[in-house]
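Residue-level structure breakdown
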Amino acid sequence: AQKITQTQPGMFVQEKEAVTLDCTYDTSDPSYGLFWYKQPSSGEMIFLIYQGSYDQQNATEGRYSLNFQKARKSANLVISASQLGDSAMYFCAMREDTGRRALTFGSGTRLQVQP
Amino acid sequence: DTGVSQNPRHKITKRGQNVTFRCDPISEHNRLYWYRQTLGQGPEFLTYFQNEAQLEKSRLLSDRFSAERPKGSFSTLEIQRTEQGDSAMYLCASSRGNEAFFGQGTRLTVV
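Since the model is a prediction, treat every value here as computed from it, not as a measurement.

1. A look at the pattern of salt bridges
Residue and element names in this part refer to chain B. Counting across every chain of the model gives eight salt bridges over all chains. With a shortest N-O distance of 2.7 Å, aspartate 24 and arginine 22 are connected by a salt bridge. Between glutamate 28 and arginine 96 there is a salt bridge, and its shortest N-O distance comes to 3.5 Å. Taken as a pair, glutamate 28 in the loop between strand S3 (19–24) and strand S4 (31–37) and arginine 96 in the loop between strand S9 (88–95) and strand S10 (100–102) lie far apart in primary sequence, 68 residues in all. Relative accessible area serves as the criterion here: at 63%, glutamate 28 is assigned to the exposed category.

Shown next as structure tokens:
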């Protein structure tokens, strides 16, 4: 069963607008972490934001915030004030805290910021 | 530069040849991971080291693949008798706490 689902293959947003990238997950592990990574065309995976399953507050890092809804098993990424440099692939990932602690990634969303 | 370093960045090889990739993690990161990413997909887990011990290998890691981390620092990933289906980006990541930091990857093309 797919553990991370990103239903938006591609998204467009106007520069300076906010955009939400969707992510749902599936796990029976009570302790887990949720991550978002950005992958520009150069290929490097850039860490953006982390949310622990027991964190009470939604994570924020600058223009990035994670809308964590535990009961719905969703971890959407919100990018505020989009910039042209935000154009990239965005991957949601989960790490279950028992076992190997490796990341399981979704299939990604390609975001294009338009001037 | 204190990030994760991978070499080479690009590798073109003929089918049937062996290739080896290197990953230098961030100093003092005890966990090291190898992932493979094909076009249009998210990275897929291959194998994981804690210090020098290889603790898990994915079923994606066939017998032609071997990884080592001899002194708990750098790691190598070797693919023997390469096949066209091995063409992909090979990503290395290291971590100590919650965050995993990735290298820029090695793009392998098997012709």
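2. A look at the pairing of strand S7 (residues 65–68) of chain B
Only one face of S7 of chain B is covered, namely the face carrying Phe65 and Ala67 of chain B; the face carrying Ser66 and Glu68 of chain B is uncovered. Hairpin connection, S7 of chain B to strand S8 (residues 75–79) of chain B: the antiparallel pair is bridged by six residues, and glycine 72 of chain B has positive phi, about 75°.

3. A word on the interface of chain A and chain B
Taken together, the contact pairs 18 residues of chain A with 21 residues of chain B. Of the roughly 1600 Å² buried between chain A and chain B on both sides combined, carbon and sulfur atoms contribute 53%. Scanning the region where chain A abuts chain B turns up zero salt bridges. Linking chain A with chain B are five residue pairs in polar contact (both at pLDDT 80 or more), by the criterion used here.

4. With respect to the packing of aromatic side chains
Across all of its chains, the model carries 16 aromatic pairs over all chains by this definition. With a centroid separation of 5.8 Å and 90° between ring planes, the pair formed by phenylalanine 105 of chain A and tyrosine 35 of chain B is classed as edge-to-face. Residue phenylalanine 105 of chain A is found in strand S11 (residues 104–105), and its partner tyrosine 35 of chain B is found in strand S4; the two belong to separate chains. In this structure, phenylalanine 105 of chain A and tyrosine 35 of chain B share a single accessibility class: buried. Judged by centre distance (5.4 Å) and plane angle (45°), the rings of phenylalanine 21 of chain B and tyrosine 90 of chain B are tilted.

5. So, unusual backbone geometry
Here the residue pair asparagine 7 of chain B and proline 8 of chain B is connected by a cis peptide bond, since its omega of -10° sits within 30 degrees of zero. Looking at the element boundaries, proline 8 of chain B is found in the loop between strand S1 (5–7) and strand S2 (10–13). At lysine 16 of chain A, a residue that is not glycine, the phi angle is positive and equals roughly 80°. Its location among the elements puts lysine 16 of chain A in the loop between strand S2 (10–14) and strand S3 (19–21).

Conventions adopted
- Think of each chain on its own: its residues are numbered from 1, step by step along the sequence as written.
- Whichever chain is written first is A, and whichever ligand is written first is 1; the rest continue in order.
- Only residues with pLDDT of at least 70 are given local features in this predicted model, and only at 80 or more are side-chain atom pairs given and counted; all residues enter the totals for whole chains, interfaces and linings.
- Values reported for side chains reflect all heavy atoms of the structure, with hydrogen atoms and water molecules removed beforehand.
- Here, a salt bridge means any Lys or Arg side-chain nitrogen found within 4 Å of an Asp or Glu carboxyl oxygen.
- Counting from the N terminus, the helices are DSSP H or I runs at least four residues long and the strands are E runs at least two residues long.
- Relative accessible area decides the class of each residue, using a 1.4 Å probe on protein chains only: under 20% of the type maximum gives buried, over 50% gives exposed, and in between gives partly exposed.
- Whether two strands pair comes down to DSSP finding at least two bridges between them.
- Pairs of residues are marked as contacts when any of their non-hydrogen atoms sit within 4.5 Å.
- A quick way to say it: buried area is the sum, across both parts, of accessible area lost when two parts are put together, with a 1.4 Å probe.
- Whenever two N or O atoms come within 3.5 Å, that pair is a polar contact, provided that in protein one can donate a hydrogen and the other can accept it, and provided that, for residues adjacent in sequence, both atoms are side-chain atoms.
- We call Phe, Tyr and Trp rings a pair once their centres come within 6.5 Å, taking the six-membered ring for Trp, and we label the pair stacked below 30 degrees between planes, edge-to-face above 60, and tilted otherwise.

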